[in-house]
Amino acid sequence: MDALATLPLDPQALRADFPILSTTIHDNVPLVYLDSAATTQRPRQVIAAIVDTYERHYANVHRGIHWLSDQSTDLFEEARESVRAFINAPAREEVIFTHGTTESINLVARSWGDANVRTGDEIIATVMEHHSNLVPWQQLAERSGAVLRHIPIDDNGELILDEFDKLLSERTRLVAVSAVSNVLGTINPIEEIVRRAHAAGALVLVDAAQSAAHMPTDVQRWNADFVAISGHKMLAPTGVGVLWSRRELLDAMPPFLGGGSMIRRVKLDSFEPADLPAKFEAGTPPIVPAIGLGAAIDYINAIGLEKIHAYEQILTRRAHDVLADVGGVKIFGPPLENKAGIVSFTVEGVHAHDVAQLLDRQGIAVRAGHHCTMPLHKRLGVTATARVSFYFYNTLDEIDLLGRALADAKGVFRRRKA
Amino acid sequence: MPADEEEIYQEHILDHYEDPYHRGHCARPSHAHEDDNPLCGDEVRIELDVDPAGQIREAYFSGDGCCISQAAASMIVEHVEGKDVDFIKQFTAEEMLKLFGARLTPNRQKCCLLSWKVLQSAIFSPLVEADDSGNGQSGTRPAGPNLSEET
């Protein structure tokens, strides 16, 4: 109980802001939501911002010469400023609203990639990448004739930087790496990776989908060239993401999608692109999701990312202890000090889908499968894992419950093996 | 606990999962097919020994995956042994779900129907005799790609 007194934040007080967390399922079992790496839940403050926008401020942005459009535009641009401050970007124009991390990465692969990557060039990703930071580079390699290489991991699930050095050469154009692995929870050394990549003359794209809501993002300290972020993994609605890049890179890149908003003027046979950030925001943008993202950032800032990270480490430590007590559980990923609030594991004799199905009966929502990382699972030598992932609204009690439920799940099968 | 018909982990199913019928390989397979559910990683291979009259002399399965996928494979090879190829052709997905016994959500129906799909393909996948010196499984190779090397 001493530990409770010294927790960096009060999860019970924060839980009160999340209506969905008081849900009961399956005949009155309380919901235990341990799937925040897939998508977080939303606090009522974010939901209220969405409702308020639709009820009082909604119109298209940057278009109407009318009061309502000005209202909507102001809120949308305030959200952009919130994102800028949240990631410590030098300029608001460098913050591009997309429809998600996947679109952000595809924007870079299509726009920067097609303009800059040639036959014989090399792109380096890692074996732990989510398919969204792998397939766009495979597609770019196929279009351009470039070669895609991958930084391997060691048995702890950490990138082998010596091998990275061997892959880097004057042919390397881009390094694509996630800040945090969505399976292993590994916190990658982004600053160090950027330093080595830049020394070789390569640019770096950071997939920050799994880190942005859980630890500070400072694009200037990282010194990265592209950073992609997802709204729905940080309390905001689906359908909004962010791409940040340096102004000189964005200015030199051709537009990605063509359409309204992204033009300065259009003739029948040609167009002039608009200035940043509109150049990369073709069509009506995700207005309300972006405003929701602004509200989500306000909510996260009020708690503090350092506290969130510290608390998640406490949850992760408890999860490691509890899973070890169950017995026959293999945890993948690095030691605790280098691990975010994501724990993937297998249970001896119980397939990951059966783990998830049996946990669901006790109200516990976890992910099972390959978590959009088929090559990583091949490297780990398993076809599927179960994954629990945390946010500040999870509690130590929930993790203890996970341990008891897992022991029960094992019992369903073990009793018959005798 | 869920109602009986919704209980996936009921005796009958656990029996097939933990003490499966004919998990392994036919001594002399004439037909075989394998497939996986890439989304969840379930894998099933079915080998058949079909006599010239079209009767299934022996059926075996192998694979890896969740309780549902593996129990369903055990059930289906037991169900079709001794039957003929026409019986398999007429054996519908709906009948497979009924044979399985527990009511499944659409997502988990895919786990159950993997072996049904593999069986339907197996009857159209005769094995090519690689050479006549080998005995048993090593002497025969599937005509199609061997997916097990990918896993």
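About the thresholds
Residues numbered from 1 in each chain as written. Chains lettered and ligands numbered in written order. Predicted model: local features only at pLDDT ≥ 70, side-chain atom pairs only at ≥ 80, totals over all residues. Heavy atoms only, no water. Helix = DSSP H or I, 4+ residues; strand = E, 2+ residues; numbered from the N terminus. Rg over C-alpha atoms; globule rule 2.2 N^0.38 Å. Buried < 20%, exposed > 50% of the residue type's maximum accessible area, 1.4 Å probe, protein only. Contact = heavy atoms within 4.5 Å. Pairing = 2+ DSSP bridges. pLDDT = per-residue confidence, 0-100. Salt bridge = Lys/Arg side-chain N within 4 Å of Asp/Glu carboxyl O. Polar contact = N/O pair within 3.5 Å; in protein donor to acceptor, adjacent residues only side chain to side chain. Nonpolar A, V, L, I, M, F, W, Y, C, P; charged D, E, K, R; others polar. Domains from an automatic or database assignment. Buried area = accessible area lost by both parts, 1.4 Å probe. Phe/Tyr/Trp six-rings, centres within 6.5 Å; stacked < 30°, edge-to-face > 60°. Core = buried A, V, L, I, M, F, W, Y, C linked by side-chain atoms within 4.5 Å. Axes fitted to C-alpha atoms, helices over the stretch in contact; angles between N-to-C directions. Right-handed = clockwise from strand over helix to strand, strands pointing away.

Q: Describe the overall build of chain A, naming the residues involved and giving the relevant values.
A: Each helix and strand counted, chain A has 15 helices and 17 strands in total. Relative to its length of 418 residues, chain A is compact, with a C-alpha radius of gyration of 22 Å against a globular reference of 22 Å. When the 418 residues of chain A are sorted by exposure, 58% land in the buried category. Taking the contacts inside chain A whose residues are at least 6 apart along the sequence as the reference set, 71% of them involve residues at least 24 apart.

Q: Lay out the pairing of strand β3 (residues 56-64) of chain B in plain terms, naming residues and giving numbers.
A: Residue and element names in this part refer to chain B. Across eight bridges, strand β2 (residues 42-50) lies against β3 in antiparallel orientation. Opposite E47, over in β3, you have Y60 as the bridge partner. Linking β2 to β3, which pair antiparallel, is a turn of five residues; within it G54 sits at a positive phi near 90°.

Q: How would you explain the confidence of the model for chain B if you had to name every residue and give the values?
A: Detailed reading of the predicted model is not advised wherever pLDDT is low. For chain B, mean pLDDT is 85; residues scoring 70 or higher make up 81% of the total. This stretch, residues 130-151 of chain B, has a pLDDT under 50; its non-local contacts, to residues over four places away or in other chains, come to 28 contacts.

Q: Which residues make up the interface of chain A and chain B, and what values go with them?
A: Counting residues at the interface gives 17 residues for chain A, matched by 24 residues for chain B. At the boundary of chain A and chain B, one finds two salt bridges. Salt-bridge contacts for R361(A) lead to E7(B); the nearest nitrogen and oxygen are separated by 2.9 Å. Where chain A packs against chain B, one counts six residue pairs in polar contact (both at pLDDT 80 or more). Those elements that provide at least two residues to the side of chain A that touches chain B are α13 (352-361), α14 (374-380) and α15 (396-417) of chain A. Class assignment for the residues of the side of chain A that touches chain B results in five nonpolar, six polar and six charged.

Q: Go over the domain arrangement of chain A, please, and point to the residues and values.
A: Residues and elements named next belong to chain A. Each assigned domain of chain A is listed here: domain 1 (2-30 + 304-413) and domain 2 (47-302). With centres defined by C-alpha atoms, the gap from domain 1 to domain 2 works out at 28 Å. Residue-level contacts link 33 residues of domain 1 with 31 residues of domain 2. Here domain 1 meets domain 2 over a buried area of about 2600 Å², counting both sides, of which 61% is carbon and sulfur. The largest contributions to the domain 1 side of the interface with domain 2 come from L305, L376 and R379, which together make up 23% of the buried area.

Q: Explain the packing of aromatic side chains to me, using residue names and the numbers behind them.
A: Residue and element names in this part refer to chain A. A complete count under the given rule lists 13 aromatic pairs over all chains for this structure. Centroid distance F76 to F97: 5.1 Å. Interplanar angle 40°. Geometry classified as tilted. Here F76, found in helix α4 (residues 67-87), pairs with F97, found in strand β4 (residues 95-98); they are 21 residues apart in sequence, far enough to count as distant. Ring geometry for Y391 versus F392: centroids 4.3 Å apart, planes at 40°, classification tilted.

Q: Could you give me a rundown of the environment of D17(A), with the residues and numbers involved?
A: Residue and element names in this part refer to chain A. Considering the arrangement of structural elements, one finds D17 in the loop between α2 (11-15) and β1 (24-25). Expressed as a C-alpha distance, the spacing of D17 and P43, which sit 26 residues apart in the sequence, is 5.0 Å. Excluding residues within four positions of it along the chain, D17 makes contact with R42, P43, R44, Q45 and Y299. Here the side chain of D17 touches Y299 through a polar contact of 2.7 Å, side chain to side chain.

Q: Tell me about the pattern of salt bridges, residues and numbers included.
A: Residue and element names in this part refer to chain A. For the structure shown, the criterion picks out 30 salt bridges over all chains. Note that R379 is salt-bridged to D155, the shortest N-O span being 3.0 Å. With R379 in helix α14 and D155 in the loop between β6 (147-151) and α7 (161-167), this residue pair connects regions lying 224 residues apart in the sequence.

Q: Hey, could you go over unusual backbone geometry for me, with residue numbers and the actual values?
A: Residue and element names in this part refer to chain A. For the peptide bond that leads from L276 to P277, omega is -5°, which places it in the cis range. The topology assignment puts P277 in the loop between β12 (271-273) and α11 (287-303). With a phi angle near 55°, D27 is a residue other than glycine that sits in the positive phi range. Positive phi, close to 75°, is recorded for L235, a residue that is not glycine. Its location among the elements puts L235 in the loop between β9 (226-230) and β10 (241-245). Taking relative accessible area as the criterion, L235 reaches 0% and is therefore assigned buried.

Q: Just give me the short version of the nonpolar core, but keep the residues and values in it.
A: Membership of the largest hydrophobic core comes to 144 residues, with the highest contact counts inside it found for F392(A) and F100(B). By residue number, the principal contributor to this core is α11(A), which donates eleven residues. Both of domain 1 (2-30 + 304-413) and domain 2 (47-302) of chain A provide at least three residues apiece to this core. The residues touching F392(A), leaving out its near neighbours within four places in the chain, are L9(A), P11(A), L14(A), F18(A), L235(A), Y299(A), I303(A), I308(A), Y311(A) and E312(A). A125(A), L140(A), L243(A) and L250(A) belong to the second largest nonpolar core, which has 27 residues in total.

Q: I'd like a description of the sheet that holds β2(B), backed by residues and values.
A: Pairing between the strands of a sheet is mediated by backbone hydrogen bonds and can be parallel or antiparallel. Residue and element names in this part refer to chain B. On the basis of which strands lie adjacent, the open sheet formed by three strands has the order β1-β2-β3 and antiparallel pairing. Either end of the sheet is taken by a strand with one partner, and the two such strands are β1 (31-37) and β3. Looking at each pair of strands side by side, their axes are set apart by 15° on average, direction ignored.

Q: If you had to explain the environment of E77(A) to someone new, which residues and values would you point to?
A: Residue and element names in this part refer to chain A. The topology assignment puts E77 in helix α4. On the basis of relative accessibility, which here comes to 16%, the residue E77 falls in the buried class. For the pair E77 and L250, spaced 173 residues apart in sequence, the C-alpha to C-alpha distance is 19 Å. What E77 contacts, discounting residues up to four positions off in sequence, is H62 and R92.

Q: Go over α13(A) with me, naming the residues and quoting the values.
A: For an α-helix the count is 3.6 residues per turn, leaving residues at separations of three or four pointing the same way. All names here are of chain A. Along α13, eight of the ten residues are buried, which leaves the element largely enclosed by surrounding structure. Taken as a whole, α13 has its buried residues at A352, H353, D354, V355, A356, L358, L359 and R361. One or two steps after α13, the chain reaches G363, where phi turns positive at roughly 85°.

Q: Which residues make up the pairing of β6(A), and what values go with them?
A: All names here are of chain A. Here five bridges tie strand β5 (residues 122-126) to β6, and the two strands are oriented parallel to one another. Note on β6: the bridge partner recorded for I123 is L148. For the segment spanning β5, helix α6 (residues 135-144) and β6, crossover handedness is right-handed.

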